[in-house]
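# Chains, contacts and geometry: an overview
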Amino acid sequence: MCGIFAYLNYNVNRERRYILEVLFNGLRRLEYRGYDSSGISIDSSSFKTPAVSGSNSNSNVAPPPLVFRKEGKIESLVKSVYQEVAETELNLEEPFAIHAGIAHTRWATHGEPAPRNSHPQSSGAGNDFLVVHNGIITNYEVLKETLVRHGFTFESDTDTEVIPKLAKFVFDKANEEGDQSVIFSQVVLEVMRHLEGAYALIFKSRHYPNELIACKRGSPLLLGVKDLEDEGSIGASFNDAKFLSNNQQPRELFFASDANALVEHTKKVLVIEDGDVIHLKDGGVSIFKFDHAKGRCGGTLARPASVECALSVLEMEVEQINKGKYKHYMQKEIHEQPESLTTTMRGRLIRGGACKSKTVLLGGLKDHLKTIRRSRRIVFVGCGTSYNAALASRPIVEELSGVPVTMEVASDLVDRQGPIYREDTAVFVSQSGETADTLQALDYALENGALCVGITNTVGSALARKTHCGVHINAGCEIGVASTKASDWHCAYTSQIVVMAMLALAVGGDMISNEARREAIIDGLLDLPSKVKEVLKLDEEMKDLAELLINEQSLLVFGRGYNYATALEGALKVKEVALMHSEGILAGEMKHGPLALVDHNLPIVVIATRDACFSKQQSVIQQLHARKGRLIVMCTKGDSASVSVGGSCRVIEVPHVEDCLQPVLNVIPLQLLAYHLTVLRGHNVDQPRNLAKSVTTQ
């Protein structure tokens, strides 16, 4: 989804070239989210704010800021900016002691990818107010009609353009009514009162030079703080004089949609909550809470009161967001899965001793396990890869807990207002913890009184904050769009399955009858990273297979039992990144329609590793072979002769693990196949067409 980045330097000289590069690099760190155009805004010249604070006289109005917008990749924007700078002879070496710049990557929702629809969006001639936006304004048409009646003209097709124009309308009206001292935060709070939908916004205005304001509702946003003379203090709150007063201390402040764009600058961050309004001015940070009920007071805009918030510390390194020795992020994430799985399990698997059984310790759940065990049912809720991972885990959760498990696609649950009861445990799965549909389903479940459990890779995300309890995946940072280890796409599947297997072990930990089964699964978990390394040795074999399939138009993947979800996920990967039509099909449904597609041209993957469904999959292979199907069979090592009818199938052999963990191994060859197909077909493997990394709009 759209990416937001902003940079404000205070009392530290930065040349215009340096400021541009900080903004460009911030956007590069957000590329993985998916985008089709980008833009930035910087000041046209250095402007020193008058000593009289809060004045809105003409002397306090800065020259119009510069806005650059471009369709296509960020490098196209970079080239365009420097070309325009050269043509206008703008001095790149000009220093700014104070400067506020904003930047944006856009994923088109309203209006085609084009410069006029890119952000920053403007209030009109003179760029009095500029806004970058992630989200969707649902009532923009009504606002647009109102603003048009008041003389505003619109240049874009976006929902965002109403926001800066509404800000100018509010500002102008306040000044017309004689309120010459209206402050920036008052304008923004009044704008927020009229907005409906989900958004993260950053405002820049020439009427409030060297200031920025950010606010959010539903879409993620972080503030980063870098004190150049004091990098040691982490735990201070913004209510301290250090943060609120203008103490002339050199400082750099950043806004970003996620931590990837901040970690190279600072590890001190504030996770901005829904309803927070963050005002950066004179090197200080003021935080206000939006209250929809508070608007105008006696004909003038109400002045908000600031609140206290505390900084957090990012637990990630710059190296985590670099490709290292790999050509692509997806390739890196696939091959780093042994390490990510080890991290996910670290400290959570208790080996026991001579007299003690092996156990699982999930600190975030321990106080709620009794409630989960008494649940009427467990409801898994997710989207895309997260849904598939939950589906793969459903059988073992049911087996060990004895509680019925149902599956819900988040958007569908909300659309049909499906029944959720107080006696239910609803488990919400999302890598980013900011997936809009999942969060809306979470709100719905909370309203209905269910115990809500979160499974996410992102500490401090909306999902982590809103749920009653949960488990962090701890799989590390993921940049590629298609989940493989723990994000919404590439890395989600494997680590999420491991977390949900541990969830099943914890919930079923009080049953003596399944103790042997639990210990076997724990042994399998401990051995899983080494088995994943073994599967990754199939890389070249999967590349060879990709070369054979490079010109194919479709691919079918059959699975059943634990591996129905693997079929769905494998097909999803091929669909997402290789842009090849692919379908994951429940093998038990083969004769109810899909068999009609089978001929000697259509490639078909059948997952037939050793589990309770193995003999049924052998029958499926026989039936497909009888119809001259072009078969690719994934089987357990040593079973090649059992699945290859007359030696006519191409066989992929993988190691054997406990049946509930087998999907972790089985999906990896399909990830590798999708990766190599994408590269061979000449597509961008890290930025699939039309897709966004973190789907924060509905």
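Calculation rules
- Residues numbered from 1 in each chain as written.
- Predicted model: local features only at pLDDT ≥ 70, side-chain atom pairs only at ≥ 80, totals over all residues.
- Heavy atoms only, no water.
- Core = buried A, V, L, I, M, F, W, Y, C linked by side-chain atoms within 4.5 Å.
- Buried < 20%, exposed > 50% of the residue type's maximum accessible area, 1.4 Å probe, protein only.
- Helix = DSSP H or I, 4+ residues; strand = E, 2+ residues; numbered from the N terminus.
- Contact = heavy atoms within 4.5 Å.
- Pairing = 2+ DSSP bridges.
- Axes fitted to C-alpha atoms, helices over the stretch in contact; angles between N-to-C directions.
- Phe/Tyr/Trp six-rings, centres within 6.5 Å; stacked < 30°, edge-to-face > 60°.
- pLDDT = per-residue confidence, 0-100.
- Arc of directions from axis to C-beta.
- Salt bridge = Lys/Arg side-chain N within 4 Å of Asp/Glu carboxyl O.
- Disulfide = S-S within 2.5 Å.
- Parallel < 35°, antiparallel > 145°, perpendicular 65-115°, else oblique.
- Left-handed = near helix turned anticlockwise from the far one by under 90°.

With 86 residues, the main nonpolar core has Leu-365, Phe-380, Met-502, Leu-525 and Leu-528 as its most contacted residues. By residue number, the principal contributor to this core is helix H14 (residues 492-507), which donates 12 residues. For Leu-528, the contacting residues outside a window of four places in its chain are Leu-341, Val-498, Val-657, Leu-661, Val-664 and Leu-665. Core analysis: the second largest hydrophobic core is formed by 31 residues, Leu-166, Ala-167, Val-191 and Tyr-208 among them.

This part takes up the sheet that holds strand S27 (residues 630-636). The five strands lie next to each other as S25-S24-S26-S27-S28, forming an open sheet whose pairing is parallel. Strands at the two margins of the open sheet, each flanked by one partner only, are strand S25 (581-586) and strand S28 (650-654). The sheet shows a mean angle of 20° between the axes of neighbouring strands, taken without regard to direction. In this sheet, S25 lies alongside strand S24 (residues 554-559) in parallel orientation, the contact comprising six bridges. Looking at the pairing, Gly-559 lines up with Leu-586 of S25. Set on the sheet, helix H17 (residues 564-578) makes contact with S24, S25 and strand S26 (603-608); between it and S25 the angle comes to about 175°.

Let us now look at helix H5 (residues 184-194). Of all 11 residues in H5, nine are buried; the element is thus mostly enclosed. Along H5, the positions that sit buried rather than exposed are Phe-184, Ser-185, Gln-186, Val-187, Val-188, Leu-189, Glu-190, Val-191 and Met-192.

As a further point, take the packing of aromatic side chains. Evaluated as defined, the whole model comprises eight aromatic pairs. Relative to Phe-184, the ring of Phe-129 lies with its centre 6.3 Å away and its plane at 55°, an arrangement referred to as tilted. Residue Phe-129 is located in strand S6 (residues 129-137), and its partner Phe-184 is located in helix H5; the two are separated by 55 residues in the primary sequence. Using a relative accessible area of 0% as the deciding quantity, one classes Phe-129 as buried. Since its relative accessible area comes to 0%, Phe-184 is described here as buried.

With 86% of its residues at a pLDDT of 70 or more, the protein shows a mean pLDDT of 86. pLDDT under 50 marks residues 51-55. Its contacts with residues more than four places away, or in other chains, come to seven contacts. Scored below 50 in pLDDT, residues 478-489 makes 97 contacts in the model with residues more than four places away or belonging to other chains.

Before going further, it helps to spend a moment on helix H16 (residues 539-549). Among all positions of H16, only Asp-539, Met-542, Leu-545, Ala-546 and Leu-549 are buried. The arc that holds the buried residues of H16, viewed along the axis, is 120°, so those residues lie on one side. Seen from the buried face of H16, the exposed residues on the opposite side, beyond 90 degrees, are Glu-540 and Leu-548.

Turning our eyes to something else, we now look at the sheet that holds S6. As summarised here, the arrangement of the six strands in space is S5-S6-S7-S8-S12-S13, forming an open sheet in which the pairing is antiparallel. A strand with exactly one partner marks an edge of an open sheet, and here the two such strands are strand S5 (121-122) and strand S13 (284-289). Examined bridge by bridge, strand S12 (residues 276-281) and S13 share six bridges and lie antiparallel to one another. Looking across to S13, one finds that Leu-280 is bridged to Val-285. The strands that helix H4 (residues 162-176) touches are S5, S6 and strand S7 (197-205); relative to S6, the one it contacts most, it runs at about 130°. In the packing of H5 onto the sheet, the strands contacted are S6, S7, strand S8 (212-217), S12 and S13, and the crossing angle to S7 comes to about 155°.

On to the side chain of Lys-531, then. Note that Lys-531 resides in helix H15 (residues 515-536). Here Lys-531 falls in the buried class, since its relative accessible area comes to 17%. Not counting residues up to four positions away in its chain, the partners in contact with Lys-531 are Pro-655, His-656, Val-657 and Leu-665.

Of the consecutive residues His-119 and Pro-120, the connecting peptide bond is found in the cis state with omega at 5°. The residue Pro-120 is located in the loop between strand S4 (95-106) and S5 in this model. Of note in the backbone geometry, Asn-210 takes a positive phi value of approximately 65° without being a glycine. Here Asn-210 is to be found in the loop between S7 and S8. Exposure remark for Asn-210: the relative accessible area of 6% places this residue in the buried category. In this structure, Gln-417 takes a positive phi of about 50° despite not being glycine. Mapping Gln-417 onto the fold places it in the loop between helix H11 (410-416) and strand S21 (424-429).

The next subject is the pattern of salt bridges. A full pass over the atoms with the stated rule returns 37 salt bridges. One salt-bridge network, held together by shared partners, links Asp-128, Lys-168, Asp-172 and Arg-206.

Before going further, it helps to spend a moment on the pairing of strand S19 (residues 377-382). Remember that side chains alternate between the two faces of the sheet whenever the strand is regular. Of all six residues in S19, six are buried; the element is thus mostly enclosed. Of the two faces of S19, the one lined by Arg-377, Val-379 and Val-381 and the one lined by Ile-378, Phe-380 and Gly-382 are each fully buried. Across five bridges, the pairing between S19 and S21 is parallel. Each bridged residue has a counterpart across the sheet, and for Ile-378 the counterpart in S21 is Thr-425. Across five bridges, S19 lies against strand S20 (residues 405-409) in parallel orientation. Looking at the pairing, Ile-378 lines up with Val-405 of S20.

The final tally for this structure, using the stated rule, is zero disulfides. Looking at Cys-469, it has no disulfide partner, and the nearest cysteine sulfur is the one in Cys-452, 8.8 Å off. Look at Cys-469 and you get buried, because its relative accessible area is 7%.

Before going further, it helps to spend a moment on the packing of H4 against H5. Contact geometry of H4 with H5 gives a least axis separation of 9 Å together with a crossing angle of 120°. Here H4 is positioned oblique relative to H5, judged by the angle of their axes. As H4 runs across H5, the sense of the crossing is right-handed. Contacts between H4 and H5 pair Ile-163, Leu-166, Ala-167, Val-170 and Phe-171 from the former with Val-187, Glu-190, Val-191 and His-194 from the latter.

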